[in-house]
Amino acid sequence: MFGAGGGTSSYIEAEHADLVVLWGSNARETHPIFFHHVLQGLRNGARMYSVDPRRTSTVQWADGWLGLDVGTDIALANSIAREIIAAGLHNTSFIERATTGFEDYRRTVEPYTLARGEELTKVPAAMIRELAHAYARADRAQLCWTLGITEHHNAADYVFALINLALLTGHVGRYGSGLCPLRGQNNVQGGGDMGAIPAKLPGGYDLRDDEARARYERAWDATLSPKPGMHLSQMFEAMERKELRALYCIGENPAESEANATHARKMLTGLDHLVVQDIFRTATAELADVVLPSAADWCEYEGTVTNSERRVQRVRKAIDPPGLARPDSHIICEIANRMGHDWGQPTAEQVWDELRSVSLNWHHGMSYQRLESEGGLQWPCPTLDHPGTPLMHARLWATDPAERGTPAPFTPVEHVPPLDALAPDFPIRLTTVRNLDNYNSGVQTGGYSSPLRRREALRIDATDAAELGLEEGEVVRIVSRRGSVLAPISVDPALRPGLASITPHFTEQVDTNVITNDAWDPKSGTSEFKAAAIRIEKVPAPTTEQAAQLPVAGQ
Amino acid sequence: MDLRLTQARANDAERAAVDGVVSAALGGGSANGSSAGSVRDEHFADAGHAARGRRHLVLPTLHAVQEDIGWISPGALNYVSLRLSVAPADVYGVATFYAMFSTEPRAPRVVHVCDDVVCGQRGGERLAQGLAAELGAEGSGDDVCWVRSPCLGLCERAPAVLLQRTGEPDYSIAPASVEQTLGAAAGGGTGAVGADAAFDDTSVSAPQTGSRSASGLRLLRRVGVVNPASLDDYRANGGYTALRRAVGIGPTRVIKEVSDSSLTGRGGAAFPTGLKWDGVAKAPERPHYLVCNADESEPGTFKDRILLESDPFGLVEAMTIAGYATGCERGYLYIRGEYPLATRRLMNAIEQARQRGYLGADVMGEGFSFDLELRRGAGAYICGEETALLNSIEGFRGEPRNKPPFPSVSGLFGKPTVINNVETLYNVLEVLSVGGPAFAEIGGGRSTGPKLFCLSGAVARPGVYEVPFGTTLREVLELAGGTVGELRTILLGGAAGGFVLPDRLDVPLTLEGTREIGASLGSGVIFAIDTSVDMTEILRRIAAFFRDESCGQCVPCRVGTVRQEESLARMLRHAEIGSREQELALLDDLGKVMRDASICGLGQTAPAAIQSAIGLGLLSEGVGQ
């Protein structure tokens, strides 16, 4: 946020907020730990609004539901902003002191009246107004989001639309008020913080920051290019152009998790060399030239993870890894050693201390000893006597302009509909969703039984099922502009007419990403998983041809 | 919240029963508009705070289903769960907590036969055997079944039955015969109206009242005099003068009068009422709640029932005064489920008071707001414990809470709450009419004012008697025409009380006087036991009562009450483990554990009568065999 990729608040603040907005997030199922904090907040009297195309289990705890059409979040956010400004509820003193670009923003959102908001989003104007007023009038408000915001072709704009709302109302940088992007797993935040984002150095430094880069070059005794590398979507494009010929893939299953999976698999198969390093024999591993079995780092090796509130926590070894499996860092170092460098075999703590020597702002103060005795620390934590930073951007509220620093900019954004447009031959909007007891392509969850698990199905509204003459459980062909899959139908009251949902969890049963859209956001590199246009075709006779095409992950 | 329900679905009648209660409670429209009607889809509960705030309707909705359908099916449980946003396991937990609810199909007409300490000895057992001969074993039968019941609070008219009827109002018959009971259960007789009329002559239950109306009655002064269905008649007999006086002197002076009167709670714990009111009145947290504990269930106790049946407006007025003085805008009247007549009379009284502006937004035009809601229990003695009662109102199982915090700090819905017993509240009317100091002159010490006693068993005229504090036990017994047969002992204070031997009859019936001889007034029970009765059997019945009524929350009580009954049952069949002395030592041991380690008063007093009997030698070899 405002230059640092992390949430501004701590989880605990949700317990003391007056209002919690869960936007594009079914946290009840997909972030159950964070949702415990939300539940505590509700118990303490907080109101909760859910913005989601589906009537999810999160919605069933909400005081209000804004069931917008997929891909209209920016229109909704702008409409909320327009209403807040029109009602005079924007925080003028915060805007004046701590932001820039308000006038541009005001002009941009001006056409998004409640009526236009309703027209674009299909959310009743009264409901938009209700959330606008509730958010603007709350003393403490948390704005949280997940993949409903970030899996779009213009995902970064979606995020800006939400940040703008926080700036407009001053709901940032104060205890209880904040912006909270919920990460998809325990260490998505940590992965990004450690340099997995191509334009960033570990510790969040911009690659073009000469001073920082020089420090890393000294520490690593190597030259670093100031030019960002490729992110995943760019890599596949480079494969397509035959520029990228070899891939070293660690803990990722792109053969199933990439949008437009058929295309992705074709690219992976066409590589000169594919190395897969994973704890499971994934579908991607099946395509690899070399498979390196790795240890499960959360229980078979030492280390740290960083959660959505920027808290770095220690992970401890509980059991020995099976067979030939080794910790990821050992494998990487060993490869370096074989390539003629001397990386040795550092311990997890030695790797961490090296990071601390270069990540001066975020991690320098976080020794293993402190992480253990203090139950984790939230970055930035620049010195050993620094308590960590539960709340970010408090500076924006400082009275002294010097302390306040660079103001936070409004970033006006416009509504752009999903690229995969609805049309007479693709009349139904398909959105991918996740549920409580499964994870992404099922690599980590498919091998385990769960009492709650429902088999994969294309979930649709009862009206659509009746119109198409479909019965519960009937296998249909789902056709998108990229491909088709077979899946059984299930009528689900969470959906609305014209909206269907499917998960990516059961790839062995339904290869969902064959039909999703791989158009991606140039700012974030994320594909538009959330919005595909499909049609549902009846299948003459039941068929199971799709089954068992790919090996079952986790087996 | 997101509920996981089984496939069982409610039928139309079950939905209608639940919807009726919910719609009435929401006043036709709800906080978030669309949710007032029936549920849009069975997979979704209404969401948000408004929906989750309806848990307190669990008991009323279950009552509605039980009354209309005759049992509570899995589908009905699911529908209650859905409408009230309560987890299905919790709804099931509540439904199975109460004796009057059945979660299995059951005959539409159920005869509850009182076989407790008083009725059991005085025809209840014979009645049970007679019904068994006609209807078959307890609980069996397609159209009519009979079940044993703990004390129904009709001891002065023993033996008593309660007829629970699907789709029709319940009513009590006392004294009951096998023929009359069978006829009524078959739908004959005069129904509830006729059965209620049998209670019109109050001199049967309260011999001091009615035609021979004795002067000097205070609590009972309107009993048998006033028409219990008429607000006008109540006013013609001095009704609402106390509230008028209260409003005239203001809340602070009302509390001062009550404090000056030294009135103590009549529910058993004898806490100073003025202190309780003052605590809540000064509590900064809002809102404040008032609760009247009319869950009179102590075996042998029926004094509150007489007041509620014969002078219902008196309670409404007294609660209004309490609400006014302590800053409560809402009062709950929690009455035991086995009091159908009192419930009907009170519902009528509340409705009339509301219509005439004695309840509502602007009481008597005096600018303060107070309204009352009647909540019925469903057969659980433990709900007479104040915190269990609060849980019951809130829609949880009626399990007591740990104290502290006390209800005056954190009570109903976690807010400061005044909880008063019925008799205590009627005393408030008296305090306001004579003034606190004058009230304090009746009796003395902590025992001031008039007191009601429930005389039953071996006395000539059982019933409720009113005497000033300080009257001796012998004088009260004489008021009831003296004892019948050779008196062995008196059970004073109820099942949770203790025994008094005939040589102590001159004990003054005050808190102090009874404590001096190791007894307690408890709920005002005076149960006379003559020498024809087997003491071990009486105590076994008391032990069985506590075993049945233990809520099971804490181990000392849950296990202790079972072990206690087992020991007494062994003694009764002369199958003692070791000797009788060893059994008595075991009982003594159990008693200590229960008294010291139970969460609430039920477990702590469950061994009281048995300990008392052991102490007085009533269980020793050769006594009453």
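Remember, predicted model here, so these are calculated numbers, not experimental data. (Residues numbered from 1 in each chain as written. Chains lettered and ligands numbered in written order. Predicted model: local features only at pLDDT ≥ 70, side-chain atom pairs only at ≥ 80, totals over all residues.)

## Describing the overall build of chain A
From N to C terminus, chain A includes 21 helices and 19 strands. Taken over C-alpha atoms, the radius of gyration comes to 24 Å for chain A, in line with the 24 Å a tight globule of 555 residues would show. Its C-alpha atoms put chain A at 70 × 65 × 45 Å along the principal axes. Considering only intrachain contacts with a sequence separation of at least 6, the fraction spanning at least 24 residues in chain A is 71%. (Helix = DSSP H or I, 4+ residues; strand = E, 2+ residues; numbered from the N terminus. Rg over C-alpha atoms; globule rule 2.2 N^0.38 Å. Contact = placed C-beta atoms within 7 Å.)

## Structural notes on the overall build of chain B
Counting its regular elements, chain B contains 24 helices and 15 strands. Here chain B has a C-alpha radius of gyration of 24 Å; the compact-globule value for 625 residues is 25 Å, and the two agree. Referenced to the eigenvectors of the C-alpha coordinate spread, the extents of chain B come out at roughly 70 × 60 × 50 Å. When the 625 residues of chain B are sorted by exposure, 56% land in the buried category. (Buried ≥ 20, exposed ≤ 12 C-beta atoms within 10 Å, placed from the backbone.)

## Notes on the sheet that holds strand S2 (residues 144-149) of chain B
Residues and elements named next belong to chain B. With mixed pairing, the 4 strands of this open sheet are ordered in space as S2-S1-S3-S4. At either end of the open sheet lies a strand with only one pairing partner, and these are S2 and strand S4 (171-173). Averaged over all pairs of adjacent strands, the angle between their axes in this sheet comes to 25 degrees, without regard to strand direction. Two elements, strand S3 (residues 161-165) and S4, share 3 bridges in a ladder whose sense is antiparallel. For Leu163, the partnering residue across the bridge sits in S4 and is Tyr171. Each of strand S1 (109-114) and S2 touches helix H6 (residues 117-135); the most contacted strand, S1, lies at about 150 degrees to it. (Pairing = 2+ DSSP bridges. Axes fitted to C-alpha atoms, helices over the stretch in contact; angles between N-to-C directions.)

## Things to note about unusual backbone geometry
Of the consecutive residues B:Ala158 and B:Pro159, the connecting peptide bond is found in the cis state with omega at 0 degrees. Structurally, B:Pro159 can be placed in the loop between S2 and S3. A cis amide bond, omega -5 degrees, links B:Ala174 with the succeeding residue B:Pro175. Of note, A:Arg310 is a non-glycine position whose phi angle comes to about 65 degrees, a positive value. Of note in this structure, B:Met364 is not a glycine but carries a positive phi near 55 degrees.

## Some thoughts on the sheet that holds strand S12 (residues 377-378) of chain A
The strand order across the open sheet formed by 3 strands is S10-S11-S12 (chain A), and the pairing between neighbours is antiparallel. Because the sheet does not close on itself, it has two edges, and the strands there are strand S10 (303-306) and S12 of chain A.

## Section: the confidence of the model for chain B
Residue and element names in this part refer to chain B. Per-chain confidence: chain B averages 92 in pLDDT, with 96% of residues scoring 70 or above. Within the model, the stretch residues 29-39 combines pLDDT values under 50 with 16 contacts to residues more than four positions away or in other chains. For this predicted complex, the interface confidence score (ipTM) comes to 0.76, while the overall pTM stands at 0.86. (pLDDT = per-residue confidence, 0-100.)

## Some details on the pairing of strand S6 (residues 328-335) of chain B
Residues and elements named next belong to chain B. The buried fraction of S6 amounts to 6 of the 8 residues, a majority that puts the element mostly inside the structure. Here strand S5 (residues 288-294) runs beside S6; their pairing, made up of 7 bridges, is parallel. For His288, the partnering residue across the bridge sits in S6 and is Cys328. As paired elements, S6 and strand S7 (residues 371-376) share 6 bridges and run parallel to each other. Pairing of Leu333 across the sheet is with Leu374, part of S7. Where the polypeptide runs from S6 across helix H14 (residues 340-355) and back to S7, its parallel neighbour, the crossover connection is right-handed. (Right-handed = clockwise from strand over helix to strand, strands pointing away.)

## Considering the nonpolar core
In this structure, B:Val291, B:Leu315, B:Met319, B:Ile321, B:Ala322, B:Ile526 and B:Leu539 are the most contacted members of the largest nonpolar core, which totals 187 residues. Here this core takes 9 residues from helix H13 (residues 312-326) of chain B, the largest share from any one element. A:Val59, A:Ala75, A:Ile84 and A:Tyr112 belong to the second-largest nonpolar core, a separate cluster that totals 71 residues. (Core = buried A, V, L, I, M, F, W, Y, C linked by C-beta atoms within 7 Å.)

## What to know about the pairing of strand S6 (residues 178-181) of chain A
All names here are of chain A. What you see with S6 is no split at all: Gly178 and Cys180 on one side and Leu179 and Pro181 on the other are buried throughout. Across 4 bridges, the pairing between strand S5 (residues 141-145) and S6 is parallel. Considered in S6, the bridge of Trp145 is made with Pro181.

## Comments concerning H14(B)
Residue and element names in this part refer to chain B. Taking 1.5 Å of rise per residue, 16 residues should cover 22 Å, and H14 covers 23 Å from first to last C-alpha, within 8% of that figure. Residues of H14 that are buried: Pro340, Leu341, Ala342, Thr343, Arg345, Leu346, Ala349, Ile350 and Ala353. Gly357, located one to two residues past H14, shows a positive phi value of around 80 degrees. (Expected span 1.5 Å × (residues − 1).)

## Points about the environment of B:Ile173
Residue and element names in this part refer to chain B. The topology assignment puts Ile173 in strand S4. Sequence-wise, Ile173 and Pro159 are 14 residues apart; in three dimensions their C-alpha atoms are separated by 8.6 Å. In contact with Ile173, not counting residues within four places along its chain, are Val161, Leu163, Gln180, Thr181, Ala184 and Ala195.

## Brief notes about the packing of helix H20 (residues 535-549) of chain B against helix H21 (residues 555-572) of chain B
Residues and elements named next belong to chain B. Packing of H20 against H21 brings their axes to within 8 Å, and their N-to-C directions diverge by 155 degrees. What the angle tells us is that H20 and H21 run roughly antiparallel. Seen from above, H20 lies across H21 with left-handed handedness. Residues Thr536, Glu537, Leu539, Arg540, Ala543, Ala544, Phe546 and Arg547 of H20 lie in contact with H21, whose contacting residues are Thr561, Val562, Gln564, Glu565, Leu568, Ala569, Met571 and Leu572. In terms of residue class, the contact of H20 with H21 is built from 9 nonpolar, 3 polar and 4 charged. (Parallel < 35°, antiparallel > 145°, perpendicular 65-115°, else oblique. Left-handed = near helix turned anticlockwise from the far one by under 90°. Nonpolar A, V, L, I, M, F, W, Y, C, P; charged D, E, K, R; others polar.)

## Section: the confidence of the model for chain A
Per-residue pLDDT for chain A has a mean of 90; in total, 96% of the residues score no lower than 70. Counting interchain partners and residues more than four positions distant, the pLDDT-below-50 stretch residues 546-555 of chain A has 24 contacts.

## With respect to helix H5 (residues 88-95) of chain B
Residue and element names in this part refer to chain B. For H5, the complete set of buried residues consists of Val91, Val94 and Ala95. Buried residues in H5, looked at end-on, bunch into an arc of 100 degrees, giving them a common side. For H5, the elements touching its buried residues are helix H3 (58-69) and helix H4 (74-84). (Arc of directions from axis to C-beta.)

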